[in-house]
Amino acid sequence: MNKTSIAVDIGASSGRLIAGSLEAGKLKLEEVHRFNNELIKKGDHFCWDIDKLFSEIKTGLKECHAKGITPSSIGIDTWAVDFVLLDENDNLLTDAVAYRDPRTDGMMEEVFEIISKERLYLETGIQFQKFNTIYQLYSLKKNDPEVLKKAKTFLMIPDYLNFLLTGIKSNEYTNATSTQLVNAFTKKWDMELIESLGINKEMFQTIKPPKTILGPFKASIVEETGIDMDVVLPATHDTGSAVIAVPEIEGTIYISSGTWSLIGVENHFPICVTKALDYNFTNEGGIDYQFRFLKNIMGLWMIQEVKRNYQDQYTFAELVKLAKEPEHFTSTVNVDDERFLKPENMIEEIKNYCSETNQSVPATPGEISKCVFDSLVVSYQSAIRQIEEIYEKQFTKVNVIGGGCQNELLNQLIANATAKEVNAGPIEATAIGNVTAQLLALGELKNVREARSIIKESFDVKTYTRSELG
Ligand SMILES: Nc1ncnc2c1ncn2[C@@H]1O[C@H](COP(=O)(O)OP(=O)(O)O)[C@@H](O)[C@H]1O
Ligand SMILES: C[C@H](O)[C@H](O)[C@@H](O)C(=O)COP(=O)(O)O
Ligand SMILES: [Mg+2]
């Protein structure tokens, strides 16, 4: 009997537990549980409701038990950079403050007074996002020094959820790289850098790679959920898992399309050249110590906020349909402008930008949605040109993976703008990559190459080419 693994994929907008196993040479998935995720306000900060998320994981485990699914393992992946700190008694010292919280405003510039931007990039190869863990910790050091002094354990979000399940502390490699505190060459915590920032280096845990079998559930979890299994480390950074599921990686630029659009390529070495720094590309760690040479683009967060601003009266599919109507509306915004990271009202922010740049101001849901999708394509196109300039080669294909690959209009717009073959799918790429790492750890799969060929045969991928309609 082939083994089953449970992927817990929690993105910024939704989470899901998906059971995966090999059947007749294909990877079969069964969605066990799905739930929403969103920011909550706790005191002065935007946070994740980590208690709710852990409760949803246990609900999903109980669902497995109820369905008679008997997994051999479970693996958890989430968004990057965010963390919690534990005190000497393993109690939470901090809330799970979210990367969209303004506490890191101005911190990057203060860190550059201690270590230059160039040296930081040369050593870590990580893009400069103001919410990187390094700046979150620096903000804590500056504004809550007593909290940092009491901290004995640093756990990123998936690490903490693993700790709640097993009692075992670890920092998983792919997500640790997103902190901008891991040396891209040693693949270990850069303790000299950490000390130079006045952050206590003792709280960081041993970095463990994907495919590590962490350990079994605590007895209390078995008792509560009625089920037992090993926790295995996938690429716990969700994008790290998603990239594993790109069926044809060679010659392909992927766009992991969810709340964020992560656009890039897979590499065997970090690219820390000046041009990569200037274009703000990152070298996040991947499975088998590959590198994800990519950049963050604001992504479908913008349409998520537009949907929320319209009090959820439209589905995503309806907003896409409405966006097809105003064909002659052409205003666009710079989606990567920091003003769109956490605006009070996304619709108003988009309107203000268009007005300030002397463009037609969108008025209808269709015009607003078209403006978002057209603007994302502008940013995708720019990133693709930058990748091809750095690689000094043309890529023939773009593979859109994640929930956003269901946006047929956006897929077609990408094909029209780039004149490249756009492949859309798999939708649940992150969960597929998560299950893949577990099945590799359990010996059900030999290597990533074999996994990708099985994934290619197991899931639908729709192809788009430039349409005459342009
Ligand atoms: N039926 C659909 N049509 C068009 N877009 C969709 C559809 N369903 C989901 N999406 C897009 O997928 C996005 C969510 O992708 P997902 O990968 O689940 O995000 P995350 O992992 O960041 O929570 C939504 O923001 C939405 O824009
Ligand atoms: C803040 C990070 O850049 C972000 O987590 C990104 O790396 C990512 O993985 C986002 O995943 P989503 O599924 O939430 O879009
Ligand atoms: Mg996701």
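Everything numeric in this text was worked out from a predicted model, so none of it was measured.

Student: Just to check I follow, could you spell out the overall build of the protein for this structure?
Tutor: A count of helical and extended segments in the protein gives 18 helices and 19 strands. For 470 residues, the compact-globule estimate of 2.2 N^0.38 gives 23 Å, and the protein sits close to it at 21 Å. Across its three principal directions, the C-alpha atoms of the protein cover 60 × 55 × 45 Å. Sorting the 470 residues of the protein into buried and exposed places 61% on the buried side. A total of about 18,600 Å² of accessible surface is found on the protein, and carbon and sulfur atoms cover 47% of it. Here the protein contributes 49 positive and 67 negative side-chain charges, whose respective centroids are spaced 2 Å apart.

Student: Hey, could you run me through the pairing of strand β15 (residues 282-285) in this one?
Tutor: Here β15 shows no split at all, with Thr282 and Glu284 on one side and Asn283 and Gly285 on the other all buried. One ladder, built from four bridges, connects β15 with strand β16 (residues 291-297); its direction is antiparallel. Within the sheet, the bridge partner assigned to Thr282 lies in β16 and is Leu294. Here β15 folds back onto β16 in antiparallel fashion, the turn holding five residues, of which Asp288 has a positive phi close to 55°.

Student: I keep staring at the environment of Ile126 and nothing clicks. Help me out?
Tutor: Position of Ile126 relative to the elements: it lies in the loop between α3 (117-124) and α4 (133-143). On the accessibility criterion, Ile126 (1% relative accessible area) is buried. Between the C-alpha atoms of Ile126 and Gly285, which are 159 residues apart in sequence, the distance is 9.7 Å.

Student: So what exactly am I meant to see when it comes to the pattern of salt bridges here?
Tutor: Pairs can form between side chains of opposite charge whenever their charged atoms are close. Counted by the stated rule, this structure contains 30 salt bridges. Residue Lys211 pairs with Asp288 through a salt bridge whose shortest N-O separation is 2.5 Å. A residue pair is termed long-range when its members are at least 10 positions apart, and Lys211 in the loop between β10 (207-208) and β11 (213-216) and Asp288 in the loop between β15 and β16 qualify at 77 residues. For Lys211, a relative accessible area of 28% translates into the label partly exposed. Look at Asp288 and you get partly exposed, because its relative accessible area is 38%.

Student: Whenever I open this one, the nonpolar core confuses me. Can you help?
Tutor: The tendency in soluble globular proteins is for nonpolar side chains to be buried side by side. The biggest cluster of nonpolar side chains holds 158 residues, and the ones touching the most others in it are Leu137, Met302, Ile350 and Phe373. When residues of this core are assigned to their parent elements, the largest contribution, 11 residues, is made by helix α15 (residues 365-391). Looking at which domains feed residues into this core, each of domain 1 (4-237) and domain 2 (248-424) gives three or more. Discounting chain neighbours no more than four positions away, the residues touching Phe373 are Leu300, Ile303, Leu319, Val320, Ala323, Asn407, Leu409, Leu410 and Leu413.

Student: So what exactly am I meant to see when it comes to the sheet that holds strand β2 (residues 14-23) here?
Tutor: For sheets, the rule is that strands pair by backbone hydrogen bonds, running either parallel or antiparallel. The strand order across the open sheet built from six strands is β3-β2-β1-β6-β12-β11, with neighbouring strands paired in mixed fashion. The outermost strands of the open sheet, each flanked by one partner alone, are β3 (26-36) and β11. Each strand of the sheet is rotated relative to its neighbour by a mean of 25°, with strand direction disregarded. When β2 meets β3, the two strands line up antiparallel, connected through 10 bridges. Of the residues in β3, the one forming a bridge with Gly20 is Leu29. Running at roughly 130° to β3, helix α1 (residues 50-67) makes contact with β1 (4-10), β2, β3 and β6 (73-78) of the sheet.

Student: Explanation requested: the environment of Pro209 in the structure shown.
Tutor: Take Pro209: it is sitting in the loop between β10 and β11. Along the sequence, Pro209 and Asn171 sit 38 residues apart, while their C-alpha atoms lie 8.7 Å from each other. With near-sequence residues (within four places) excluded, Pro209 lies in contact with Glu172, Tyr173, Leu233 and Tyr289.

Student: Would you take a moment to explain the side chain of Gln386 for this structure?
Tutor: With respect to the element layout, Gln386 can be found in helix α15. Every residue in contact with Gln386, bar those within four places of it in the chain, is listed here: Tyr279, Phe281 and Lys295.

The rules behind each value
- Residues numbered from 1 in each chain as written.
- Chains lettered and ligands numbered in written order.
- Predicted model: local features only at pLDDT ≥ 70, side-chain atom pairs only at ≥ 80, totals over all residues.
- Heavy atoms only, no water.
- Helix = DSSP H or I, 4+ residues; strand = E, 2+ residues; numbered from the N terminus.
- Rg over C-alpha atoms; globule rule 2.2 N^0.38 Å.
- Buried < 20%, exposed > 50% of the residue type's maximum accessible area, 1.4 Å probe, protein only.
- Areas by Shrake-Rupley, 256 points an atom, 1.4 Å probe, with all protein chains shown as cover.
- Lys, Arg positive; Asp, Glu negative; His and termini not counted.
- Charge placed at Lys NZ, Arg CZ, Asp CG, Glu CD.
- Pairing = 2+ DSSP bridges.
- Salt bridge = Lys/Arg side-chain N within 4 Å of Asp/Glu carboxyl O.
- Core = buried A, V, L, I, M, F, W, Y, C linked by side-chain atoms within 4.5 Å.
- Domains from an automatic or database assignment.
- Contact = heavy atoms within 4.5 Å.
- Axes fitted to C-alpha atoms, helices over the stretch in contact; angles between N-to-C directions.

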